[in-house]
Amino acid sequence: MEPLEVPLDGRAEVHIAAASPEVARRVAEVLRRCFAATEQRSYPASAEGGTRLELTVDTSRAAEPARSWLESSGS
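Conventions adopted
- Per chain, the residues get numbers from 1 upward, laid out in the order the sequence is written.
- Two thresholds apply to this predicted model, a pLDDT of at least 70 for residue-level local features and 80 or more for giving and counting side-chain atom pairs, whereas whole-chain, interface and lining totals are computed over all residues.
- Derived side-chain values reflect all non-hydrogen atoms in the structure, with water molecules and hydrogen atoms excluded from consideration.
- Per the convention used, a helix needs a DSSP run of H or I reaching at least four residues, while a strand needs a run of E reaching at least two, with both numbered from the N terminus.
- The buried label goes to any residue with under 20% of its type's maximum accessible area, the exposed label to any with over 50%, and the partly exposed label to all in between, with areas taken from a 1.4 Å probe on protein chains only.
- Residues count as neighbours in contact if any of their non-hydrogen atoms are within 4.5 Å of one another.
- Accessible surface area values rest on a Shrake-Rupley calculation with a 1.4 Å probe, where residue burial reflects the displayed protein chains alone.
- The term nonpolar core refers to a set of buried residues drawn from Ala, Val, Leu, Ile, Met, Phe, Trp, Tyr and Cys, joined through side-chain atoms within 4.5 Å.
- Any carboxyl oxygen of Asp or Glu within 4 Å of a side-chain nitrogen of Lys or Arg constitutes a salt bridge here.

Undergrad: Looking at this model, I keep getting lost on the overall build of the protein chain. Mind explaining?
TA: Broken down by element type, the protein chain carries two helices and four strands. Along the protein chain, from the amino end to the carboxyl end, the secondary structure elements read β-α-β-β-β-α. In terms of overall dimensions, the protein chain has a C-alpha envelope of 40 × 30 × 20 Å along the principal axes. A total of 75 residues make up the protein chain; the buried ones form 24% of that total. Within the protein chain, contacts between residues separated by at least 24 positions form 53% of all contacts whose residues are at least 6 apart in sequence. Surface exposure of the protein chain reaches about 5600 Å², of which carbon and sulfur atoms provide 55%.

Spelled out as structure tokens, the structure:
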């Protein structure tokens, strides 16, 4: 397994595995409503099926309700 490249401060790499592309896209859309995000990248999950979707979210540019949650949960 390759070591993961650490994203810039305030950003997070998100990897979604789902049974179908539609399910993965729905999860990504919820994240985009809360955070600024890059364009998603989609790949087959395995030879048996499924979808793997990846995107980067920027937590420093959070929208509500994520902003309230991040501010209240900060150390």
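Having seen the structure, we can now continue with the description.
Undergrad: Explanation requested: the nonpolar core in the structure shown.
TA: Nonpolar side chains in soluble globular proteins tend to be buried together. Ranked by size, the top nonpolar core spans twelve residues in total: Val 14, Ile 16, Ala 18, Ala 24, Ala 28, Cys 34, Phe 35, Leu 53, Leu 55, Val 57, Ala 62 and Ala 66. Of all the elements in the fold, those that place two or more residues in this core are strand 1 (11–18), helix 1 (21–34) and strand 4 (51–62). With four residues, the single largest contributor to this core is strand 4. If sequence neighbours within four positions are ignored, Leu 53 has contacts with Val 14, His 15, Ile 16, Ala 24, Arg 25, Ala 28, Gln 40, Arg 41 and Ser 42.

Undergrad: Please clarify how the pattern of salt bridges should be interpreted in this entry.
TA: Working definition: two side chains of opposite charge can pair if their charged atoms are close together. Applying the stated rule across the entire model yields six salt bridges. A salt bridge links Glu 22 to Arg 25; the shortest N-O distance between them is 3.4 Å. Linking Glu 22 with Arg 25, this pair stays in helix 1, spanning three residues, or about one helical turn. Assessed through its relative accessible area of 40%, Arg 25 is described here as partly exposed.

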